[in-house]
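Overview (structure and organization)
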Amino acid sequence: MRKGIISVLSSVISILVGLLFGLLLLLLVNSGAAFSKFGELLTAGVSSSAKLAKVLYQAAPLVMTGLSVAFAFKTGLFNIGASGQYTVGAFAALIFAIIFQMPWWVCLIAAMVAGGIWGFFPGLFKALFNVNEVITSIMLNWIGMFAVNLSLMNIKNAAGKLIMLPPAWVNSPIKDRTADLSYANPSAIIPKAGLDKLFDSNYMNISIFIAILFAVVLWVVLNRTTFGYELKACGNNKNASIYAGINAKRNIVLSMVIAGAMAGVGGGLYYLSGTAAYNIQKVLLPMGFNGISVALLATSNPIGTIFSALFISYIQVGGESLQPVFAKEMIDIIIAVIIYLSAFALLTKTILGRFIKTDKTNVNDDKAVEAEAAAEQQKEAELKANEGAGILPPTVEGETVPVEENSEESEDKAE
Amino acid sequence: MNEALNIIADILSSTIIFAVPLVLVALGGMFSERSGIINIALEGIMIIGALMGCLMMVWLKPSVEAGAMGSQLAMLITILFSAACGMVFSLLLAFASINLKADQTIGGTALNMLAPAFAIVLTWVVQGQGQTTILIPTWARITQDNFGIEKADNFIQNFLFKNLYLTTIIAIALFAVAVILLYKTKFGLRLRACGEHPQAADSVGINVYKMRYCGVLISGFLGGIGGLAFTLAAGSGFQSTVAGYGFLALAVMIFGNWKPWSILGAALFFAFFKVIGAYASSIPFMPQFKGLEGTSTYLWPMLPYIITMVVLVLTSKKSRAPKAEGIPYDKGSR
Amino acid sequence: MSEYVIEMLNITKEFPGIKANDDITLQLKKGEIHALLGENGAGKSTLMSVLFGLYQPEAGTIKKNGEVVKIHNPNDANALNIGMVHQHFKLVEVFTVLDNIILGAEPNKMGFLQKAEARKKVIELSERYGLHVDPDAKIEDISVGMQQRVEILKMLYRDNEILIFDEPTAVLTPQEIDELMEIMRNFTKEGKSILFITHKLNEIMAVADRCTVLRKGKYMGTVNISETNKEELSRMMVGRDVQFEVDKGEEHLGDVVLKVEDVTVPSKLHSNNAVKNVSFEVRAGEIVCLAGIEGNGQTQFVHALTGLDKMSHGKITLCGHDITKASIRNRSKFGMSHIPEDRHKHGLVLDYSLEENLVLQRYWEPAFQKCGFIRRGEVRKYANKLIEQYDIRSGQGSITSARSMSGGNQQKAIVAREIDKDPELLVAVQPTRGLDVGAIEYIHKQLVAQRDAGRAVLLVSLELEEVMSVPDRILVMYEGEIVGEFDPKKVTVQELGLYMAGAKRQEKAITEESEVAQA
């Protein structure tokens with residue numbers, strides 16, 4: 001309970017400092033417009049039901065990429081490749097929607113599979129060859145983006161038309177984005193279930209609920225199943241998990257596959273909304289990287305990702321109202337600052353821990369035990385002194401250092 | 001025959017110019033990791049270096065064009081400014097990972113997200129709303145004019161002057177300095193000790209924090225110049241991105257096994273594959289993919305990334321990272 | 001001029017929640033060997049870290065030759081001519097011997113290394129003191145004994161006069177220990193003063209002039225060795241009479257449980273093998289000890305035996321099942337339990353709670369899961385049973401994070417988990433490492449109880465006292481081979497030492513044993 005409060009508080013502090021930094025930046029760039037625009041940034045998300053709908057609409061894929069990163073974190077892996085997995089997920093969803101004319105849920109499954117495949121490779125290389133997954137998944141981000149673009153520009157139907165692009169369907173000169181689902185295959189659009197009328201916005205559909213469902217499922221998997229027990233054991237202490245007979249290599253691969261699948265679903269949710277088309281461009285999609293922010297803010301808790309995704313989506317919608325006076329990338333700066341701060345969450349938490357006293361229930365009533373533990377702690381300190389005071393900091397939940405060689409050596413070896 | 005020679009000259013000179021940022025940045029990563037800090041923020045450092053360098057060129061442009069300042073003196077100032085800004089930016093990583101003992105990968109990721117956003121915002125501020133490109137002036141390149149040599153269409157001149165920038169010359173010098181610094185000096189010995197066994201270094205009175213700061217700052221210095229070198233190599237302007245070269249440089253560093261000479265080889269290897277892709281259509285024996293659209297923009301650019309992965313997988317068994325990298329060093333309760 | 005070269009007066013050093021050193025005084029005379037005695041965790045290393053400048057004390061003063069000095073870091077200590085051989089060597093493995101010696105005191109011109117003169121000095125020193133080393137060998141390629149010589153040369157290279165040896169004998173054979181003591185005596189003849197940290201009474205009696213005793217961070221007094229004896233020292237150290245012997249009755253041998261044939265394990269560092277053609281058997285109802293100096297292949301052998309690493313050749317049979325290629329999980333199912341050498345690296349998931357750690361080997365059993373979902377109630381019930389039965393103490397019972405538990409209780413939790421699995425074979429690797437006397441006695445009792453219950457126990461130990469007192473049979477391992485088999489009742493420590501150092505070997509030990517098995 002106490003741990004949870006501290007986690008939330010430290011995230012809130014990171015957010016507040018990040019926002020403050022953003023305000024300072026606005027003041028520096030254009031002090032005249034800074035306060036009014038900053039106010040708009042903070043309120044835009046709830047200024048109308050349509051804006052709120054947009055917040056929810058963008059939050060859905062963010063929850064998914066956030067889950068992707070968070071799930072990998074739990075196994076001690078840093079999935080910086082959510083962007084590529086998201087892209088190939090979107091691609092697969094659109095292929096199934098446009099070429100195979102499948103209903104939306106089949107397209108989502110296709111997205112999941114494609115994302116999973118894209119997550120499989122970094123996992124496999126990590127497990128078999130111990131290649132750093134950060135490097136491989138970055139490479140796969142670029143490969144994925146290039147491959148998807150290349151495919152979209154070249155897949156032709158029997159008539160020789162570029163079937164993924166608008167000219168194959170309607171009279172349109174546009175060739176740099178995919179065809180609109182409203183004419184290419186309306187059944188592939190994610191159902192709106194009347195929510196669009198409720199919110200009076202075309203953006204609103206059930207995707208946020210699908211995302212929340214996934215978050216809950218992942219929470220259950222991680223916290224209630226033997227599979228989750230194994231995954232977290234691998235993430236916390238790979239050596240101990242191997243010692244316990246857990247197949248660490250299989251778990252690394254599975255974890256990356258699931259992480260990739262989540263990001264893939266995110267891509268599907270976004271591009272099957274009927275309101276977004278995939279732009280053929282040379283830039284990695286930021287949705288995957290924002291997933292890192294979401295996961296870190298949520299301290300890798302699947303339920304937490306729902307809230308942190310809503311927050312990030314909220315300020316992004318707010319960020320649009322900054323234009324044209326300020327670049328909307330201001331928001332990215334704010335998010336980057338927030339992550340930078342959450343990187344030393346450990347420190348924030350220690351400081352917070354001093355302010356928040358232990359719960360009554362946690363108080364140790366057995367004085368003897370306490371005394372003994374203190375004596376033993378003395379010994380641990382002693383051992384550390386022995387090692388020239390080299391201390392491995394306790395790894396915070398889900399924030400294990402991904403480079404595994406480093407954790408090999410247990411720092412306080414006994415005398 | 002002449003045409004073939006010209007293509008070879010082009011390929012060689014392009015290989016070198018693309019290898020330069022890779023070597024510089026990978027060497028930067030090497031210094032940082034050899035001191036014990038994983039520097040995943042190289043991409044961000046490059047962007048900052050490129051951004052500030054390009055802005056400096058914009059500021060110096062009037063004086064150069066008015067003839068008040070020599071073009072290569074302006075370039076030297078630009079390079080130093082890029083390096084300085086890279087160092088300042090790298091301080092953010094050093095502070096988080098050394099003083100605050102933050103997770104180095106996450107801190108680096110934050111900086112990688114910060115840099116492009118910052119670059120866009122600053123570009124707007126300097127260039128006006130909605131402007132996203134900073135153009136590189138033509139005088140940045142070293143030409144025959146700088147030496148007063150007659151232009152001629154021969155192999156030597158094509159090879160030397162097709163893509164010659166001051167950054168290339170400086171990179172060669174910096175490489176030599178890096179090798180000597182790492183292996184022949186007191187500083188290098190101490191830096192390497194900090195990345196392998198900081199407790200040992202500490203026990204003989206070496207200030208581990210200081211050495212790690214030095215390592216990260218050197219990576220900022222080299223990363224900043226590397227960012228500028230990349231932008232010069234990539235073409236006409238800076239668009240708030242270095243296209244993943246920071247990460248490619250990390251891969252080069254790993255492939256180069258954290259050793260300068262191997263890094264040089266690895267960088268040339270990768271640059272060669274990048275250039276081969278770009279020149280594929282003019283090389284007779286390369287597959288041409290005639291039926292496909294967008295091969296030059298989408299297919300060939302994949303090549304260096306795919307090769308990187310394959311190479312990393314193949315060389316993974318031999319790779320040996322500095323033992324203490326990524327682990328925050330804590331002196332204890334002092 | 002003061003009688004003492006170094007005085008540490010009324011030193012107090014606190015860590016959050018505990019006083020590691022509480023008002024401790026230590027006075028070192030010029031030219032003496034002064035022992036610092038105490039159990040694991042008594043505060044010896046903390047005190048030396050204070051002297052060496054790694055920690056700043058909250059109270060107390062340090063004097064050199066009667067003058068108060070401040071030691072802020074190892075450089076200050078070095079400037080005062082204080083040097084230290086750390087228990088865990090502070091050597092950079094990928095560096096050469098020479099680089100390690102000069103590190104931090106590099107001869108240089110304008111920052112450029114001048115290794116030639118350093119090499120000359122090192123060779124000269126090593127010849128003068130008989131500390132043979134190869135300056136160009138890499139640390140990772142040389143033996144532990146030679147690494148220690150490098151550490152000593154580091155001090156000599158810096159012309160240190162006050163030499164601190166932190167548990168220097170833990171990694172040495174009895175013969176090497178004798179050599180070291182001779183070297184220490186030579187140093188004192190040259191006027192150097194030595195602080196010798198240890199918890200081994202025999203060594204103190206053999207070499208020290210005086211001894212200061214610490215217990216639980218407190219100063220227990222300083223005695224002249226000529227006026228004391230082992231029993232008095234041990235009472236000062238532990239605070240009660242210590243039982244040196246382990247209580248155990250006659251062994252009742254049963255069937256062969258573990259049969260190891262020709263096991264060979266490749267080394268990860270070198271091209272040669274870490275374990276070479278090891279064969280032996282362990283029967284039900286006996287404790288067999290694999291003894292030897294650290295780094296002679298014991299770890300690699302255990303890893304191969306328990307499935308953590310692959311072996312290149314040989315066969316392992318457990319209760320009739322060929323487990324040579326079996327997975328770790330299957331070895332466990334066939335009845336192998338493993339108390340690992342490093343409880344933090346292998347034994348526990350430190351961020352898991354105690355109850356989660358207690359089912360680490362069994363969470364997959366139907367008793368604890370249903371259709372992949374963990375039966376949390378059952379886990380809790382089982383954990384509470386073990387906690388009570390094995391007296392595992394922790395702040396919040398079964399939900400305590402393993403990280404926050406004391407080392408002794410962490411080890412108890414592992415022992416409970418492994419024993420309660422009801423194994424046929426218990427592999428216990430250095431199970432008492434880093435524990436205090438009470439916990440050591442407890443663990444030894446548990447091992448003997450397993451033996452008496454008819455299980456086979458394979459103990460791997462580096463501690464000679466443990467090797468002599470706990471097992472029914474000793475196998476000595478040297479450079480990856482088993483070089484001798486002994487009955488602990490019939491062999492002396494000196495004899496064992498010769499085998500551990502590779503000076504002697506029984507060629508027939510192995511063949512004899514297999515003949516017995518066949519007969």
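Quantities reported herein were computed from a predicted structural model and do not represent experimental measurements. Sequence order as written defines residue numbering, which begins from 1 separately in each chain. Numbering of ligands from 1 and lettering of chains from A proceed in the order in which they are written. Totals for whole chains, interfaces and linings use every residue, but because this is a predicted model, local features are given only for residues with pLDDT of at least 70 and side-chain atom pairs only at 80 or more, for both listing and counting. Remark: hydrogens and water are excluded; side-chain values derive from all non-hydrogen atoms of the structure.

Secondary structure follows DSSP: runs of H or I at least 4 residues long count as helices, runs of E at least 2 residues long count as strands, and numbering of each begins at the N terminus. When its secondary structure is counted, chain A shows 17 helices and 0 strands. Long-range pairs, those at least 24 residues apart, make up 74% of the contacts in chain A between residues at least 6 apart in sequence. Of the roughly 15,000 Å² of accessible surface on chain A, a fraction of 67% belongs to carbon and sulfur atoms. Two residues qualify as a contact provided that any one of their heavy atoms is within 4.5 Å of a heavy atom in the partner residue. Accessible areas in this description were obtained via Shrake-Rupley with a 1.4 Å probe; residue shielding takes into account the shown protein chains only.

Here the focus is empty space enclosed by the protein. The distinction between a cavity and a pocket rests on a 1 Å grid over the protein atoms alone: a 1.4 Å probe fits inside a cavity but cannot get out, while a pocket stays open yet meets protein on both sides within 12 Å along at least five of seven lines, and a residue with an atom within 4 Å of a point counts as lining. Grid points are joined across faces, edges and corners, and a volume is the space filled by probe spheres set on the points. On inspection of all chains with the given rule, the structure shows 5 cavities of 30 Å³ or more. Quantified by volume, the second largest cavity comes out at close to 100 Å³. Lining the second largest cavity are Tyr 243 of chain A together with Thr 306, Leu 308, Ile 328, Arg 331, Ser 332, Met 336, Ser 337, His 338, Gln 361, Glu 418 and Lys 421 of chain C. Within the residue set of the lining of the second largest cavity, elements represented by two or more residues are helix H10 (328-333) and strand S18 (336-339) of chain C. Classes in brief: Ala, Val, Leu, Ile, Met, Phe, Trp, Tyr, Cys and Pro nonpolar; Asp, Glu, Lys and Arg charged; the others, Gly included, polar. Considered class by class, the residues forming the lining of the second largest cavity number 4 nonpolar, 5 polar and 3 charged.

Residue and element names in this part refer to chain C. Between Lys or Arg on one side and Asp or Glu on the other, a salt bridge is scored when a side-chain nitrogen of the former is within 4 Å of a carboxyl oxygen of the latter. The tally for this structure, following the rule as stated, stands at 40 salt bridges over all chains. Across the pair Glu 365 and Arg 362 runs a salt bridge, and its minimum N-O distance is 3.1 Å. Each residue is placed in one exposure class: buried if its accessible area under a 1.4 Å probe, protein chains only, is under 20% of its type's maximum, exposed if it is over 50%, and partly exposed if it falls in between. A relative accessible area of 18% means that Glu 365 is categorised as buried. Given the relative accessible area of 16%, Arg 362 is considered buried.

A word on the packing of helix H4 (residues 115-128) of chain C against helix H5 (residues 144-157) of chain C. All names here are of chain C. Interhelical geometry of H4 versus H5 gives an angle of 115° and a closest axis separation of 10 Å. Of the possible angle classes, the one that applies to H4 and H5 is roughly perpendicular. As H4 packs across H5, the resulting crossing turns out to be right-handed. Along its contact with H4, which presents Ala 118, Lys 121, Val 122, Leu 125 and Ser 126, the element H5 presents Leu 153, Leu 156 and Tyr 157. Considering only residue class, the contact of H4 with H5 consists of 6 nonpolar, 1 polar and 1 charged. Lines fitted to C-alpha atoms define the axes, with helix axes restricted to the stretch in contact, and inter-axis angles between N-to-C directions lie between 0 and 180 degrees. Angular relationships are summarised with four words: roughly parallel below 35 degrees, roughly antiparallel beyond 145, roughly perpendicular across 65 to 115, and oblique for the angles in between. Crossing handedness is defined as follows: a turn of the near helix away from the far one that is anticlockwise and smaller than a right angle gives a left-handed crossing, while the clockwise case is right-handed.

Residues and elements named next belong to chain A. A grouping of Ile 5, Val 8, Leu 9, Val 12 and Leu 16 is seen on the molecular surface, where their side chains present a nonpolar patch of about 410 Å² in accessible area. Structurally, Leu 9 can be placed in helix H1 (residues 2-29). With a relative accessible area of 32%, Leu 9 lands in the partly exposed category. Patch membership requires more than 30% relative accessible area and the absence of a salt bridge. Residues of like charge join within 9 Å; the nonpolar side chains Val, Leu, Ile, Met, Phe, Trp and Tyr join within 5 Å.

Before going further, it helps to examine the environment of Leu 180 of chain C. All names here are of chain C. Assignment of secondary structure puts Leu 180 in helix H6 (residues 174-189). Spatially, the C-alpha atom of Leu 180 lies 26 Å from that of Lys 64, the residues being 116 residues apart in sequence. Ignoring sequence-local partners within four residues, the contact set of Leu 180 consists of Gln 148, Ile 152, Phe 165, Pro 168, Thr 169 and Leu 172.

A few words now on the side chain of Ser 255 of chain A. Residue and element names in this part refer to chain A. Positionally, Ser 255 belongs in helix H12 (residues 248-271). Using a relative accessible area of 0% as the deciding quantity, one classes Ser 255 as buried. In protein, a polar contact requires one atom able to donate a hydrogen and another able to accept it; more generally it is a pair of N or O atoms within 3.5 Å, and residues adjacent in sequence count only if both atoms are side-chain atoms. Here the side chain of Ser 255 touches Thr 75 through a polar contact of 2.8 Å, side chain to side chain. Look past the residues within four positions of Ser 255 in its chain and what remains in contact with it is Phe 71, Ala 72, Thr 75, Leu 77 and Leu 231.

Within the fold, Met 330 of chain A resides in helix H15 (residues 330-343). Once the C-alpha coordinates of Met 330 of chain A and Leu 23 of chain A are considered, the two residues, 307 residues apart in sequence, prove to be 9.6 Å apart. Those residues in contact with Met 330 of chain A that sit more than four places away from it in its chain are Leu 25, Leu 26, Val 29 and Leu 322 of chain A together with Val 121 of chain B.

To continue, consider the pairing of strand S12 (residues 218-224) of chain C. All names here are of chain C. Criterion used throughout: strands pair if DSSP finds at least two bridges between them. Bridge count between strand S11 (residues 210-215) and S12: 6 bridges; the pairing is antiparallel. In the strand pairing of S12, Leu 214 is matched with Tyr 219. Linking two consecutive strands that pair antiparallel, namely S11 and S12, is a turn of 2 residues; a positive phi of about 45° is found at Lys 216 within it.

Between chain A and chain B, the residue contacts involve 63 residues of the former and 62 residues of the latter. Summed over both partners, the interface of chain A with chain B comes to about 5,100 Å²; 76% of that surface belongs to carbon and sulfur atoms. Here chain A and chain B share 0 salt bridges between them. Where chain A meets chain B, there are 2 residue pairs in polar contact (both at pLDDT 80 or more). Secondary-structure elements contributing two or more residues to the side of chain A that touches chain B are helix H5 (104-129), helix H6 (133-154), helix H13 (286-297) and H15 of chain A. The greatest single-element share of the side of chain A that touches chain B, amounting to 14 residues, is contributed by H6 of chain A. Here the quantity called buried area is the total loss of accessible area, with a 1.4 Å probe, experienced by two parts when brought into contact, counted for both.

Centres within 6.5 Å make a pair out of two Phe, Tyr or Trp rings, where for Trp the six-membered ring is used; the pair is then stacked when the planes are under 30 degrees apart, edge-to-face when over 60, and tilted otherwise. This structure, assessed with the given rule, holds 32 aromatic pairs over all chains. Here Phe 121 of chain A and Phe 125 of chain A contribute two aromatic rings whose centre-to-centre distance is 6.4 Å and whose plane-to-plane angle is 50°, an arrangement assigned as tilted. Taken together, the residues span about one helical turn, with Phe 121 of chain A and Phe 125 of chain A both in helix H5 at a distance of 4 residues. Pairing Tyr 209 of chain B with Tyr 329 of chain B gives two aromatic rings, centres 6.2 Å apart and planes at 75°, and the pair type is edge-to-face. Separated by 120 residues along the polypeptide, Tyr 209 of chain B in helix H10 (residues 208-234) and Tyr 329 of chain B in the segment after helix H14 (302-315) bring together distant segments of the chain. You can call Tyr 329 of chain B buried: its relative accessible area is 4%. The rings of Tyr 57, Tyr 86, Tyr 203, Tyr 270, Tyr 271 and Tyr 278 of chain A are connected pair by pair, giving a single aromatic cluster.

So, on to helix H10 (residues 226-236) of chain A. The element H10 of chain A is extensively covered by neighbouring structure, given that 9 of its 11 residues are classed as buried. Looking at H10 of chain A, one finds that the buried residues are Thr 226, Gly 228, Tyr 229, Glu 230, Leu 231, Lys 232, Ala 233, Cys 234 and Gly 235 of chain A.

It is worth spelling out the confidence of the model for chain A at this point. The pLDDT value expresses, per residue, how confident the predictor is, ranging between 0 and 100. Looking at chain A, the pLDDT average stands at 83 and 84% of residues meet or exceed 70. Taken together, the stretch residues 358-415 of chain A has pLDDT below 50 and engages in 150 contacts with residues farther than four places along the chain or on a different chain.

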